Amino acid sequence: QVQLVESGGGLVQSGGSLRLSCAASGSIVSSNAMGWYRQAEGKQRELVARITSGGSTNYARSVKGRFTISRDNAKNTVYLQMNSLRPEDTAVYYCNTEGRVATSPGSWGQGTQVTVSS
């Protein structure tokens, strides 16, 4: 089944950068549309960025131009490069396949905490 492990979060100052990694099992990354999601304290989980199996990408307006989603099929890993971080980016970040998000709403991993200080 789908197994995803997020890492790379941490505490950074505003304007700083972080690179999140999502290690996936099998050929999940190459075969599925992948998304990075985040959930801030007291807020609903939201889609941050997505990448299709063909390499097309989309971003939330709030992060476009600052975040970049990418994948390494050989490593079965999807990344989220986050630049020019802002305090409002503070959240727990999760990765998942779009299919699993749509069909299995409870299938989320531990995520990785990103905290941006002002």
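Since the structure is predicted, the reported quantities are computational estimates derived from the model, not experimental observations.

About the thresholds
- Counting restarts for each chain: residues are numbered from 1 in the order of the written sequence.
- A pLDDT threshold of at least 70 governs which residues receive local features in this predicted model, and a stricter bar of 80 or more applies before side-chain atom pairs are shown or counted, although totals over entire chains, interfaces and linings include all residues.
- Think of the side-chain values as coming from all heavy atoms in the structure, minus any hydrogens and water.
- Put simply, DSSP H or I for four residues or longer makes a helix, DSSP E for two residues or longer makes a strand, and each gets a number counted from the N terminus.
- Using C-alpha atoms as the atom set, the radius of gyration is obtained and then compared with a globule rule of 2.2 Å times the number of residues to the power 0.38.
- Burial classes: relative accessible area under 20% of the type maximum marks a residue as buried, over 50% as exposed, and values in between as partly exposed (1.4 Å probe, protein chains only).
- The criterion used for residue contact is that any of the two residues' heavy atoms lie within 4.5 Å.
- Here the accessible surface of atoms and residues is derived via Shrake-Rupley with a 1.4 Å probe, and residues count as covered only by protein chains that are part of the display.
- Aromatic rings from Phe, Tyr and Trp, taking only the six-membered ring of Trp, are treated as a pair when their centres fall within 6.5 Å; an angle between ring planes under 30 degrees marks them as stacked, one over 60 as edge-to-face, and anything in between as tilted.
- Two limits define a charge over a ring: the Lys NZ or Arg CZ must be within 6 Å of the ring centre, and within 35 degrees of the ring normal.
- Any two strands are treated as partners once DSSP identifies two or more bridges connecting them.
- Comment: axis = line fitted to C-alpha atoms, over the contacting stretch for helices; angle = value between 0 and 180 degrees taken between N-to-C directions.
- Definition of a polar contact: a pair of N or O atoms within 3.5 Å, with one able to donate and the other able to accept a hydrogen when the atoms are protein atoms, and with sequence-neighbouring residues admitted only if both atoms are side-chain atoms.

S.K.: Can you help me understand the overall build of the chain in this one?
M.R.: Helix and strand counts for the chain come out as two helices and 10 strands. For 118 residues, the compact-globule estimate of 2.2 N^0.38 gives 13 Å, and the C-alpha radius of gyration of the chain, at 13 Å, lies within 12% of that figure. Along the first, second and third principal axes, the C-alpha atoms of the chain reach 40 × 25 × 25 Å. The buried share among the 118 residues of the chain stands at 40%. For the chain, the proportion of contacts with a sequence separation of at least 24, taken over those separated by at least 6, is 53%. Surface exposure of the chain reaches about 6200 Å², of which carbon and sulfur atoms provide 43%.

S.K.: Can you help me understand the packing of aromatic side chains in this one?
M.R.: Each pair of aromatic rings is reported with the distance of its centres and the angle of its planes. Counted under the stated rule, the structure contains two aromatic pairs. Taking the centre distance of 5.1 Å and the plane angle of 80° together, the rings of Tyr-37 and Trp-108 count as edge-to-face. In this pair, Tyr-37 is assigned in strand S4 (residues 34-39) and Trp-108 in the loop between helix H2 (98-103) and strand S10 (112-117), connecting sequence segments 71 residues apart. On the basis of an interplanar angle of 70° and a centroid distance of 5.7 Å, the ring pair of Tyr-94 and Trp-108 is categorised as edge-to-face. On the criterion of sequence distance, the pair formed by Tyr-94 in strand S9 (residues 91-97) and Trp-108 in the loop between H2 and S10 is long-range, its members being 14 residues apart. Through successive ring pairs, a cluster of aromatic residues spans Tyr-37, Tyr-94 and Trp-108. A cation over an aromatic ring shows up here: Arg-19 above the ring of Tyr-79, its NZ or CZ 3.9 Å from the ring centre.

S.K.: Help me understand the sheet that holds strand S1 (residues 4-7), please; the structure alone is not making it clear to me.
M.R.: In sheet architecture, strand pairing relies on hydrogen bonds along the backbone and comes in two forms, parallel and antiparallel. Strand order in the open sheet made by the four strands is S1-S3-S8-S7, with antiparallel pairing throughout. Only two strands of the sheet have a single partner each, and these edge strands are S1 and strand S7 (67-72). Ignoring strand direction, the axes of neighbouring strands in this sheet form an average angle of 15°. With four bridges connecting them, S1 and strand S3 (residues 18-24) associate as antiparallel partners. In the sheet register, Glu-6 faces S3, and the bridge partner there is Cys-22.

S.K.: Sorry if this is basic, but what is going on with the environment of Glu-6 here?
M.R.: For Glu-6, the position within the fold is in strand S1. Linking Glu-6 and Thr-77, residues 71 residues apart in sequence, is a C-alpha distance of 9.7 Å. The contacts of Glu-6, once residues within four sequence positions are left out, are Ser-21, Cys-22, Trp-36, Tyr-93, Tyr-94, Cys-95, Gly-109, Gln-110, Gly-111 and Thr-112. A distance of 2.9 Å separates the side chain of Glu-6 from the backbone nitrogen of Cys-95, its partner in a polar contact. A polar side-chain atom of Glu-6 sits 3.2 Å from the main-chain amide nitrogen of Gly-111.

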